[in-house]
2 protein chains.
Amino acid sequence: MTDLWSARFASGVQQMRSSAVRDLLKLTEQPDVISFGGGLPAPESFPIEELAAAAELALLENPAAALQYGLTEGYRPLREFLSLRMATLGIRVPVEQVMVTHGSQQGLDIAGRLLIDPGAPVAVEDPSYLGALGAWRSLQPSWVTLRLDRDGLDVDHLEQVLASGLRPRFLYVVSCFQNPTGVTLSPERRVRLLEIAARYGLVILEDDPYGELYFEGSRATPLAALDVQMHGELRHVIYLSTFSKQLAPGLRVGWMAAPPAYIARATILKQGLDLHSNSFAQRVAYLTCRDGLLDRHIPIIREVYRARRDVMLAALATEMPAGVNWTKPAGGMFCWLTLPDGLNATELLKRCLEQKVAFVPGAAFYADGGGEHTARLNFSFSSPDKIRAGVARMGAAFRGA
Amino acid sequence: MTDLWSARFASGVQQMRSSAVRDLLKLTEQPDVISFGGGLPAPESFPIEELAAAAELALLENPAAALQYGLTEGYRPLREFLSLRMATLGIRVPVEQVMVTHGSQQGLDIAGRLLIDPGAPVAVEDPSYLGALGAWRSLQPSWVTLRLDRDGLDVDHLEQVLASGLRPRFLYVVSCFQNPTGVTLSPERRVRLLEIAARYGLVILEDDPYGELYFEGSRATPLAALDVQMHGELRHVIYLSTFSKQLAPGLRVGWMAAPPAYIARATILKQGLDLHSNSFAQRVAYLTCRDGLLDRHIPIIREVYRARRDVMLAALATEMPAGVNWTKPAGGMFCWLTLPDGLNATELLKRCLEQKVAFVPGAAFYADGGGEHTARLNFSFSSPDKIRAGVARMGAAFRGA
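Here the structure is a predicted model, which is why all the values come from computation and not from measurement.

Enquirer: Hey, could you run me through the overall build of chain A in this one?
Expert: When its secondary structure is counted, chain A shows 15 helices and 15 strands. Taken over the C-alpha trace, chain A has a radius of gyration of 21 Å; the compact-globule value for 401 residues is 21 Å, and the two agree within 12%. Based on the C-alpha atoms only, the size of chain A along its principal axes is roughly 60 × 60 × 55 Å. Here chain A, with 401 residues, has 64% of them falling under the buried criterion. Contacts spanning at least 24 positions in sequence make up 75% of the contacts within chain A whose residues lie at least 6 apart. Summed over its atoms, the accessible surface of chain A is roughly 13400 Å², and 50% of this surface lies on carbon and sulfur atoms. Averaged over its 40 positive side-chain charges, chain A has a centre that lies 2 Å from the centre of its 42 negative ones.

Enquirer: Would you mind showing me how to read the nonpolar core here?
Expert: What tends to happen in soluble globular proteins is that the nonpolar side chains get buried as a cluster. Judged by nonpolar contacts, the single largest core of 119 residues is most densely connected at Leu171(A), Leu193(A), Ile204(A), Phe243(A), Leu171(B), Ile204(B) and Phe243(B). Apart from residues no more than four positions distant in its own chain, Leu193(A) is found in contact with Leu153(A), Val155(A), Leu158(A), Leu171(A), Val173(A), Leu185(A), Ile204(A) and Leu223(A). Core analysis: the next-biggest nonpolar cluster, separate from the first, contains 81 residues, Ile34(A), Ala111(A), Tyr305(A) and Leu4(B) among them.

Enquirer: What should I look at first to understand the packing of aromatic side chains in this one?
Expert: For any pair of aromatic rings, the description consists of the separation of the ring centres together with the inter-plane angle of the planes. Residue and element names in this part refer to chain B. In total, this model carries 25 aromatic pairs over all chains according to the counting rule given. Ring geometry for Tyr 75 versus Tyr 286: centroids 5.7 Å apart, planes at 80°, classification edge-to-face. Within this pair, whereas Tyr 75 is found in the loop between helix H4 (63-66) and helix H5 (76-88), its partner Tyr 286 is found in helix H12 (residues 279-290), the two being separated by 211 residues in sequence. Between the aromatic rings of Phe 243 and Trp 255, the centroid separation amounts to 5.0 Å while the plane-to-plane angle is 55°, which identifies the pairing as tilted. Taken as a pair, Phe 243 in the loop between strand S9 (237-242) and strand S10 (254-257) and Trp 255 in strand S10 lie far apart in primary sequence, 12 residues in all.

Enquirer: What is the right way to read the interface of chain A and chain B from this model?
Expert: Interface size is commonly expressed as the accessible surface area that is lost when the partners come together. On the side of chain B, 84 residues touch chain A, which itself brings 84 residues to the contact. Summed over both partners, the interface of chain A with chain B buries about 7200 Å², with 64% contributed by carbon and sulfur atoms. Of all residues in chain A, the largest losses of buried area upon contact with chain B belong to Trp5(A), Leu67(A) and Tyr69(A), amounting jointly to 11% of the total for that side. On the surface where chain A and chain B come into contact, there are two salt bridges. One salt bridge in this structure joins Arg113(B) and Asp109(A), with 3.1 Å as the shortest N-O distance. In this structure, the connection of chain A to chain B is made through 31 residue pairs in polar contact (both at pLDDT 80 or more). Counting only elements with at least two residues in the side of chain A that touches chain B, the list comes to helix H1 (2-6), helix H2 (20-27), helix H3 (48-61), helix H4 (63-66), helix H6 (104-115), helix H11 (260-274) and helix H12 (279-290) of chain A. Top contributing element to the side of chain A that touches chain B by residue count: H11(A), with 11 residues. Looking at side-chain class alone, the side of chain A that touches chain B contains 46 nonpolar, 22 polar and 16 charged residues.

Enquirer: So what exactly am I meant to see when it comes to the sheet that holds strand S4 (residues 142-146) of chain B here?
Expert: Working definition: the strands of a sheet are paired by backbone hydrogen bonds and lie parallel or antiparallel to each other. Residues and elements named next belong to chain B. Pairing in this open sheet of seven strands is mixed, and the strands run S2-S10-S9-S8-S7-S3-S4 from one edge to the other. Across the chains shown, the open sheet's two edge strands, defined by having one partner strand only, are strand S2 (98-101) and S4. Neighbour to neighbour, the strand axes of the sheet diverge by 20° on average, direction disregarded. One ladder, built from four bridges, connects S2 with S10; its direction is antiparallel. By the bridge assignment, Val 100 is partnered in S10 with Trp 255. Packing of helix H11 (residues 260-274) onto the sheet brings it into contact with S2, S9 and S10, and relative to S2 it is tilted by some 30°.

Enquirer: Would you mind going over the sheet that holds strand S14 (residues 360-361) of chain B with me for this structure?
Expert: Residues and elements named next belong to chain B. An order of S11-S12-S15-S14 is seen for the four strands of this open sheet, with the pairing classed as antiparallel. Taken across any chain shown, the strands that pair with only one partner, and hence form the sheet edges, are strand S11 (325-326) and S14. Where S14 lies against strand S15 (residues 374-378), two bridges are found, and the strand directions are antiparallel. The residue of S15 that forms the bridge with Pro 361 is Ala 375.

Enquirer: Quick question: what am I supposed to make of the relation of the copies chain A and chain B here?
Expert: Put simply, the second copy of the chain is the first one after a rotation about an axis and a shift along it. Once chain A has been moved 0.0 Å along the axis and rotated by 180°, it coincides with chain B to within an RMSD of 0.0 Å. Such a turn and shift between the copies fits a two-fold axis. When the interface residues of chain A are mapped onto chain B, 100% of them again fall at the interface, so both copies present the same face.

Enquirer: Would you mind showing me how to read the packing of H5(B) against H12(B) here?
Expert: Between two packed helices, the angle of one axis relative to the other and the distance separating the axes together describe the packing. All names here are of chain B. With their axes 9 Å apart at the nearest point, H5 and H12 run at an angle of 45° to one another. As summarised for this structure, H5 and H12 are arranged oblique, according to the angle between their axes. Between H5 and H12 the crossing geometry is left-handed. From H5, Pro 77, Leu 78 and Phe 81 reach across to H12, where they touch Gln 282, Tyr 286 and Cys 289. Counted by class, the contact of H5 with H12 contains five nonpolar, one polar and no charged residues.

Enquirer: Just checking my understanding: could you explain the pattern of salt bridges for this structure?
Expert: Any two side chains of opposite charge can pair if their charged atoms end up close together. All names here are of chain A. In total, this model carries 50 salt bridges over all chains according to the counting rule given. As a salt-bridge pair, Glu 96 and Arg 76 come within 3.6 Å of each other at their nearest N and O atoms. Residue Glu 96 is found in the loop between helix H5 (76-88) and strand S2 (98-101), and its partner Arg 76 is found in helix H5; the two are separated by 20 residues along the sequence. In this structure Glu 96 comes out as partly exposed when scored by relative accessible area, which is 47%. Linked through salt bridges whose partners overlap, the residues forming this network are Asp 156, Glu 159, Arg 192 and Arg 199.

Enquirer: Just checking my understanding: could you explain the packing of helix H8 (residues 155-163) of chain A against helix H9 (residues 187-200) of chain A for this structure?
Expert: Residues and elements named next belong to chain A. For the pair H8 and H9, interaxial distance at closest approach is 10 Å and the crossing angle is 10°. By the criterion of interaxial angle, the relationship of H8 to H9 is roughly parallel. Counting all contacts with H8, which are made through Val 155, Asp 156, Leu 158, Glu 159, Leu 162 and Ala 163, the residues of H9 involved are Arg 189, Arg 192, Leu 193, Ile 196, Arg 199 and Tyr 200. Classifying every residue of the contact of H8 with H9 gives seven nonpolar, no polar and five charged.

Enquirer: Explain the pairing of strand S12 (residues 334-338) of chain B here, please?
Expert: For a regular strand, side-chain orientation follows a simple rule: the groups alternate between the two sheet faces. Residues and elements named next belong to chain B. In terms of residue burial, S12 counts as a mostly covered element, since four of its five residues are buried. Here S11 pairs with S12 via two bridges, running antiparallel. Across the sheet, the residue bridging to Asn 325 is Thr 338, located in S12. Pairing of S12 with S15, which is carried by five bridges, proceeds in the antiparallel orientation. When the sheet's bridge partners are listed, Phe 334 is paired in S15 with Asn 378.

Enquirer: Explain the domain arrangement of chain A here, please?
Expert: Residue and element names in this part refer to chain A. Looking at the assigned domains, one finds that chain A contains domain 1 (11-47 + 295-399) and domain 2 (48-293). Distance from the C-alpha centre of domain 1 to the C-alpha centre of domain 2: 24 Å. Each partner contributes to the interface: domain 1 provides 37 residues, whereas domain 2 provides 39 residues. Around 3600 Å² of area is buried between domain 1 and domain 2 when both sides are counted, 59% of it from carbon and sulfur atoms. The largest per-residue losses of area from domain 1 upon contact with domain 2 belong to Pro 47, Arg 302 and Phe 365, which jointly make up 19% of the total buried on that side. Taken together, the links from domain 1 to domain 2 amount to four salt bridges. Residues Arg 309 and Glu 216 are paired through a salt bridge, measuring 2.7 Å at the closest nitrogen-oxygen approach. Of all the secondary structure elements, the ones that give two or more residues to the side of domain 1 that touches domain 2 are helix H13 (293-319) and strand S12 (334-338). Top element by residues in the side of domain 1 that touches domain 2 is H13. It accounts for nine residues. Within the side of domain 1 that touches domain 2, the residues separate by chemical class into 21 nonpolar, eight polar and eight charged.

Enquirer: What exactly am I supposed to notice about the pairing of strand S8 (residues 204-207) of chain A here?
Expert: All names here are of chain A. Both faces of S8 are covered, namely the face carrying Ile 204 and Glu 206 and the face carrying Leu 205 and Asp 207. Assessed by its sense of winding, the connection that carries the chain from strand S7 (residues 171-174) through H9 to S8 is right-handed. Direction of pairing for S8 relative to strand S9 (residues 237-242): parallel, over a ladder of four bridges. Of the residues in S9, the one forming a bridge with Asp 207 is Leu 240. As a crossover connection, the stretch from S8 through helix H10 (residues 223-231) into S9 is right-handed.

Rules behind the numbers
- Residues numbered from 1 in each chain as written.
- Chains lettered and ligands numbered in written order.
- Predicted model: local features only at pLDDT ≥ 70, side-chain atom pairs only at ≥ 80, totals over all residues.
- Heavy atoms only, no water.
- Helix = DSSP H or I, 4+ residues; strand = E, 2+ residues; numbered from the N terminus.
- Rg over C-alpha atoms; globule rule 2.2 N^0.38 Å.
- Buried < 20%, exposed > 50% of the residue type's maximum accessible area, 1.4 Å probe, protein only.
- Contact = heavy atoms within 4.5 Å.
- Areas by Shrake-Rupley, 256 points an atom, 1.4 Å probe, with all protein chains shown as cover.
- Lys, Arg positive; Asp, Glu negative; His and termini not counted.
- Charge placed at Lys NZ, Arg CZ, Asp CG, Glu CD.
- Core = buried A, V, L, I, M, F, W, Y, C linked by side-chain atoms within 4.5 Å.
- Phe/Tyr/Trp six-rings, centres within 6.5 Å; stacked < 30°, edge-to-face > 60°.
- Buried area = accessible area lost by both parts, 1.4 Å probe.
- Salt bridge = Lys/Arg side-chain N within 4 Å of Asp/Glu carboxyl O.
- Polar contact = N/O pair within 3.5 Å; in protein donor to acceptor, adjacent residues only side chain to side chain.
- Nonpolar A, V, L, I, M, F, W, Y, C, P; charged D, E, K, R; others polar.
- Pairing = 2+ DSSP bridges.
- Axes fitted to C-alpha atoms, helices over the stretch in contact; angles between N-to-C directions.
- Least-squares fit on C-alpha atoms with pLDDT ≥ 70 in both.
- Parallel < 35°, antiparallel > 145°, perpendicular 65-115°, else oblique.
- Left-handed = near helix turned anticlockwise from the far one by under 90°.
- Domains from an automatic or database assignment.
- Right-handed = clockwise from strand over helix to strand, strands pointing away.

Next comes the structure, spelled out in structure tokens:
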């Protein structure tokens, strides 16, 4: 049997790795572990009654359609809703440029499949979302890693890279409350990024799952909106977002907006991937949206997450030994720890697991290695009491190191 | 804008084509067209009340889990159910070798991603399911097309190919009521196929969405069951099936069973594709299954489809001009037409569309071209009256050709 399967797999398959998030999701199933590992929304914030009512309605209104095969692009009324809603953010695109995906993770896979050839350069923030890196690794890109600071992607670094002649197939950016660091691209850098894109013919893959989850100020203007503002149409940006953080991730309903040439190919590709996203969940999402739920519900999520962030930041200030630093995210779901040089986060995780608390070692978020002294902490999933207890356990484990 | 996008896409993307089925799904939206095109189940056969009750229960029992992120492998109780159910067919595999997919189409995409390198040979029936060909085309395999007759795949032809030294990465077979031809691999050929697989180290991708939909005799023994019988474990066969034809396709819940080396890589890959299949639909499927619905419901589907097949075969006998031949499928959803030499099915489709009736020209199902004088007709979707009317319209269009 070893003989049959050992030499069987495609060349890129050897590049695949099981992700730390995945293995940690398994740990969260043990009830006595406090996990800051997975990027999970607070289940207390799911609009259960509204979704149950929408599920009932979807099967009452038109059950034959809700349970039948559907169009690859997605359920048209949902796409019309998304087109209108994105327009309120400045992303003015016709419904034909909106496609429903099976979570925004599928939007990442589609981007890789459409744009990456083996060895082709792909520019990513360093660190970047490990689910994107994982989706693309088997396609064997050549990573172009770009510096990141408290104002998000270092656009000067990007410009240096482009000026040197390198032409990445695309730049991947989580523009708001980045996963894993929690930082947000500043307004000035957003404008400069679009100018650079226009100058160098750069395609930007903007991943924006967290943009609505701001705790201070107002909604950042998506890069996609600036692109439309600059060119009168979506030209450089492929925009991804999702209901996973606004309604519930279990529905697996995300979407993309993109230029026509890209959407046309994405639609043909998705047909091969899964024919279409599940009809029933798309209607459940649409019916809750049609009812105006998002504008009532998202402020509630913001309040819950803001409180949890505050508790985590306060607990970190109390519990962390000197030399440990962390970001102060203005929204989203993640906080990013930097340990003193010489401390290894994976070693610390082992100590922490003995204390029944978990996080994600940061190295997994670096495309080309490094980051052994960093860690991602999720603050959206656990209750304030658990956050306090978990950070205290981490502090004890860190001090013992 | 043309400049920005024209040279942007990965090399395999140029191989992608929009499928005839997809374009025809759009036609079926016109209420006055009778479509034998799409491979759609009869919506009258969806167990709407049972699914609605299961949806309600899923959100009552454990809403936080039904709406949250889940494990990539799938919802464990559903996988346990599938493991037990497959065992009744002789496919004895532990739950660890069962993975839930977003429809069995995703199982096809996963197979391509894991097993195909550009230029690698892949063996397919000629004709074969166009959704599989479409899923793999951008991966640029070298097609090895194998003859098919009324007893299914010509295993002598396969053996000649293997004896000549060619080593396909895998053989793709729709083992029961094949899409598009409706033919079923005979019991004798099934045994020989497993012997050939053992002799040559061949991997078989068995796609079995229609196996339960037999109108005569009994359930054919899956190749996966024969593999387990021969080796004491699943060794050569990757088995795909789905609830799309047994419950409803809109849920997008399919599954695979495969050897451990394959399942391990498939799980890592699926994590990058979409993290996991939708939690809510998996629970809805599980709760209806737990309740014993399948064994009560599948016989109803069989009766509905058998009656529609009978109507279609009778109408074809009455309406088709001399020289047109067709298969007499013993189950499934499709009937396959062979036109007299010189007649082109795509040209005939244009005439048929003027008469407001549609089918799929067969050429789309031939990996390497050919089949211009063939056509696929679906008999599961349309009511008996519509089948009679539609075949009569086809007859009129054919006679005018």
